[in-house]
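So the chains spell out like this:
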Amino acid sequence: MKLFSYLWLLTSIVSCLAAAASRTVSKRGSSSFVSSSKDGFSVNGSSLRFVGTNLYWLPTLESNDDIWNMLKNISDTGIKVVRIWAFNDVEIIPESGTWFQLVQNGTTTINDGPNGLQKLDTVIQMAEQQGLYVIMSLTNNWNPVPNTTSTGTATPDVLASVTFPRNTLSNDYGGMDLYVRQFGLQDHDDFYTNDNILTAFQNYTKQIVLRYVNSPAVFSWELANDARCNSTISTSPTCTTQTITKWHAVMAAFIASLDSNHIVSAGTSGFQCTDCPKLYPVTPTASPTPSPAPGKKRRNVTPLTKEQILRQRAESRRQNRAAAKRAGNLKEDGVMIRGRWVSTATREVSSSIGPTMDGSSGVDSQDILNIPNIGFGSFQVFPDQNTYAPDDPNLTPVQNKINSSLAWIQQSAQSAAVVGKPVVLNAFGLVTQSNLNNFVPFNMTYAPYASGTGNIVARQSAPTDYADNSEQEQGYSSFLSMGNSAGLAGVIQYQWGSTDVTQSSSAIQLDVTNSSSPTTIGDSPNDGYSIANNPAIQQILQQGAQAMATDS
């Protein structure tokens, strides 16, 4: 069977996607700062479509040479944009290593020293010298603490204690839950609604924005990574999609009042809610759609609906079933009566739209994208952690992950097209069997598949449920191709990696500024998605970058 209804998904884009008028208008000019409009991104008078990569840990590298070499290797691949954490919050000042802000007992202190924001200065300066643009993410939804319990969506065992070097994991940089804890509050969504926390976060944001307000290397200010109502601490019953949308609107307006040079972007996972009430409803426009690019047909824009999603899922399953039947490996799920299979309820496609589309996470990405001060939207593809559609019994677990991800890319592109603003796939990744020992989900503090850790959690998936190297290559190629065909403005892989990074000790945080400890060479942080020592994936990214640039 070919790549799981991929051709059907690709051709269905033609009937769904198109540009539409934007509420926020940016004129294309010769500015050295990246701008956004209904036509996408532009800089220095030219359009910009890109392939990027994530390096949340880049400012924590001990050696400036390592930072330079990392960025040079990325630039040499043809990648144009890197996405990093522009925050590193701590509750207690560490003995060594990088930290940007102390949040303690309701007060905050910003570290402007050589192991603080000066490290971020180095990244921005070197990125500009390498011709790279940097998406600066300002906080994170996830910050689980070992040996604590949760009354939210997580369970105590996902917070089991395993020692990692500080800043190894993407969820070990502070973020929303750290503010909640240190301001003496209880619920995750207090971060969005508490005035004291908002003031503190705006203070940090102001320091960062004004520090780089004149740097053309900054691509955008990303308000938060994967903001949602739920986390690994409790959530109040009053948190809704409008809670999250309102917070984005407040913060976007705040940054826009400080910086007219840079775009403000959302960093959500792209979750939708087709039936939720909107703060910024899409207003149908009678304006004609822009002229298509040479060689491309004008397309009609249609809103994403629950009925369309369920119809596409049913059609995908029908085609997969037909392909399996032709191949002679159809998995029947009915009962046999007089020599013929009769379908049962298990063959029906679920009428539930699923957690990525029903608003249960408190996120309505289309409503957020339609905020006037938001320049572009985002979504993410992590099928090993999120479920984008019900599994098809005629596909393998990995095929289901890739197939549902391709549909998710299409749906996200369509949703953004209705608003008429660019959208970026700001992180995508597949965990491979060879990387499974390093895999730490974003709401955990340990690797559930690592050997010898004495895990208390029963594994719910077999290693074969994860991609082998060939399947990962096939999946990444398909994600990039679908993103390009769907008209995404950018596609960003998660995450880059290197095997020759300076480290002072495997038992402490990577960056040990001014330390006299002996140094060794090791790997960059890996939470299960690193492509260190993986030239095949790097070549796929290079080819994807060339294709995106050609079609810009």
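The coordinates are above.
Below: a short report on this structure. (Residues numbered from 1 in each chain as written. Predicted model: local features only at pLDDT ≥ 70, side-chain atom pairs only at ≥ 80, totals over all residues. Heavy atoms only, no water.)

As for the overall build of the protein
Consideration 1: Along its length, the protein carries twelve helices and 18 strands.
Consideration 2: Each of the 552 residues in the protein was classed as buried or not, and the buried ones make up 58%.
Consideration 3: Partitioning the intrachain contacts of the protein with sequence separation of at least 6 by distance along the chain shows that 79% fall at a separation of at least 24.
Consideration 4: Surface summary for the protein: the accessible area is close to 22,100 Å², and the carbon and sulfur share equals 49%. (Helix = DSSP H or I, 4+ residues; strand = E, 2+ residues; numbered from the N terminus. Buried < 20%, exposed > 50% of the residue type's maximum accessible area, 1.4 Å probe, protein only. Contact = heavy atoms within 4.5 Å. Areas by Shrake-Rupley, 256 points an atom, 1.4 Å probe, with all protein chains shown as cover.)

Some details on the nonpolar core
Consideration 1: Within the largest apolar cluster, 114 residues are counted, with the highest numbers of intra-cluster contacts made by Leu 58 and Met 136.
Consideration 2: Broken down by element, the residue count for this core peaks at eight residues, all from helix α10 (residues 397-419).
Consideration 3: Core analysis: the next-biggest nonpolar cluster, separate from the first, contains 14 residues, Val 43, Val 81, Ala 489 and Ile 492 among them. (Core = buried A, V, L, I, M, F, W, Y, C linked by side-chain atoms within 4.5 Å.)

Comments concerning the packing of aromatic side chains
Consideration 1: Per the counting criterion, the structure on display carries 31 aromatic pairs.
Consideration 2: Arranged with centres 5.8 Å apart and planes meeting at 50°, the rings of Phe 191 and Trp 247 form a pair that is tilted. With a gap of 56 residues between them, Phe 191 in helix α5 (residues 190-193) and Trp 247 in helix α7 (residues 241-258) connect regions that are remote in the sequence. Across this residue pair, the class does not change: Phe 191 and Trp 247 are buried.
Consideration 3: Between Phe 382 and Tyr 494, the ring centres sit 5.4 Å apart and the planes meet at 90°, which makes this aromatic pair edge-to-face. Note that Phe 382 is positioned in the loop between β14 (377-381) and α10 and Tyr 494 in the loop between β16 (490-493) and β17 (501-503), a separation of 112 residues in sequence. (Phe/Tyr/Trp six-rings, centres within 6.5 Å; stacked < 30°, edge-to-face > 60°.)

Remarks on the pattern of salt bridges
Consideration 1: Within this structure, the stated rule accounts for ten salt bridges.
Consideration 2: Where Asp 121 meets Arg 211, a salt bridge forms, and the shortest distance between an N and an O atom there is 2.8 Å. Within this pair, whereas Asp 121 is found in helix α3 (residues 117-129), its partner Arg 211 is found in helix α6 (residues 195-211), the two being separated by 90 residues in sequence.
Consideration 3: Owing to a relative accessible area of 17%, Asp 121 belongs among the buried residues under this scheme.
Consideration 4: The shortest N-O distance in the salt bridge between Asp 364 and Lys 278 comes to 2.5 Å. Of the two residues, Asp 364 sits in the loop between β13 (340-342) and α9 (365-369) while Lys 278 sits in the loop between β11 (263-265) and α8 (306-327), which places them 86 residues apart along the sequence.
Consideration 5: According to the relative accessible area criterion, Asp 364 is buried, its value standing at 1%.
Consideration 6: The network of salt bridges with shared partners includes Asp 112, Asp 121 and Arg 211. (Salt bridge = Lys/Arg side-chain N within 4 Å of Asp/Glu carboxyl O.)

Here we look at the side chain of Asn 526
Consideration 1: Residue position: Asn 526 is located in the loop between β18 (520-522) and α12 (535-550).
Consideration 2: Only 2.8 Å separates the side chain of Asn 526 from the side chain of Asn 435, close enough to count as a polar contact. (Polar contact = N/O pair within 3.5 Å; in protein donor to acceptor, adjacent residues only side chain to side chain.)

Some details on the packing of helix α2 (residues 64-76) against α3
Consideration 1: With their axes 10 Å apart at the nearest point, α2 and α3 run at an angle of 35° to one another. Note that α2 runs across α3; the crossing there is right-handed. Each of Asn 64, Ile 67, Trp 68 and Leu 71 in α2 lies in contact with α3, whose residues at this interface are Thr 122, Val 123, Met 126, Ala 127 and Gln 129.
Consideration 2: For the contact of α2 with α3, the class distribution of residues is six nonpolar, three polar and no charged. (Axes fitted to C-alpha atoms, helices over the stretch in contact; angles between N-to-C directions. Left-handed = near helix turned anticlockwise from the far one by under 90°. Nonpolar A, V, L, I, M, F, W, Y, C, P; charged D, E, K, R; others polar.)

What to know about the state of the cysteines
Consideration 1: Scanning the entire structure with this criterion turns up two disulfides.
Consideration 2: Paired by a disulfide, Cys 229 and Cys 239 hold their sulfur atoms 2.0 Å apart. Between Cys 229 and Cys 239 the sulfur-sulfur dihedral comes to about -85°; the bridge is accordingly left-handed. On the criterion of sequence distance, the pair formed by Cys 229 in the loop between β10 (218-222) and α7 and Cys 239 in the loop between β10 and α7 is long-range, its members being ten residues apart.
Consideration 3: The exposure class assigned to Cys 229 is buried, which follows from its relative accessible area of 4%. (Disulfide = S-S within 2.5 Å.)

Description of the sheet that holds strand β7 (residues 101-104)
Consideration 1: What the three strands build is an open sheet, ordered β6-β7-β8; its pairing is mixed. Looking along the sheet, the strands with just one partner apiece sit at the ends: β6 (89-90) and β8 (107-110).
Consideration 2: Across four bridges, β7 lies against β8 in antiparallel orientation. Its bridge partner lying in β8, Gln 101 is registered against Ile 110.
Consideration 3: Across the sheet, α6 is in contact with β7 and β8; its angle to β8 comes to roughly 10°. (Pairing = 2+ DSSP bridges.)

Digging into α12
Because each turn of an α-helix spans 3.6 residues, side chains separated by three or four positions end up pointing in the same direction.
Consideration 1: With 16 residues, α12 extends 22 Å between its outermost C-alpha atoms, agreeing within 8% with the 22 Å of an ideal straight helix rising 1.5 Å per residue.
Consideration 2: Turning to α12, its buried residues are Ile 537, Ile 540, Leu 541, Gly 544, Ala 545 and Met 548. Burial along α12 is one-sided: seen end-on, the buried residues are contained in an arc of 140°. Among the exposed residues of α12, those oriented more than 90 degrees off its buried face are Pro 535 and Thr 550.
Consideration 3: Buried residues in α12 make contact with β4 (50-54), β15 (423-428), α11 (469-485) and β16. (Expected span 1.5 Å × (residues − 1). Arc of directions from axis to C-beta.)

Comments concerning α7
Consideration 1: End to end, α7 covers 26 Å across 18 residues, agreeing with the expected 26 Å (1.5 Å per residue, within 8%).
Consideration 2: When α7 is considered as a whole, its buried residues turn out to be Thr 241, Thr 243, Ile 244, Thr 245, Trp 247, His 248, Ala 249, Met 251, Ala 252, Phe 254 and Ile 255.
Consideration 3: Packed against the buried residues of α7 are α5, α6, β10, β11 and α9.

Details of the sheet that holds β15
Consideration 1: Overall, parallel pairing links the eight strands, which are arranged β11-β10-β9-β5-β4-β16-β15-β14 in an open sheet. Two strands lie at the open edges of the sheet, namely β11 and β14, each paired on one side alone. Averaged over all neighbouring strand pairs, the angle between strand axes comes to 25°, with direction disregarded.
Consideration 2: In this sheet, β16 lies alongside β4 in parallel orientation, the contact comprising four bridges. Each bridged residue has a counterpart across the sheet, and for Val 51 the counterpart in β16 is Val 491.

Examining the pairing of strand β5 (residues 81-85)
Consideration 1: Among the five residues that make up β5, five are buried, leaving the element largely enclosed by the rest of the structure.
Consideration 2: Bridge count for β4 against β5 is three bridges, and the pairing is parallel. Note on β5: the bridge partner recorded for Asn 54 is Arg 83.
Consideration 3: Handedness of the β-α-β unit built from β4, α2 and β5 comes out right-handed.
Consideration 4: Pairing of β5 with strand β9 (residues 133-137), which is carried by five bridges, proceeds in the parallel orientation. By the bridge assignment for β9, Val 82 is matched with Val 134. (Right-handed = clockwise from strand over helix to strand, strands pointing away.)

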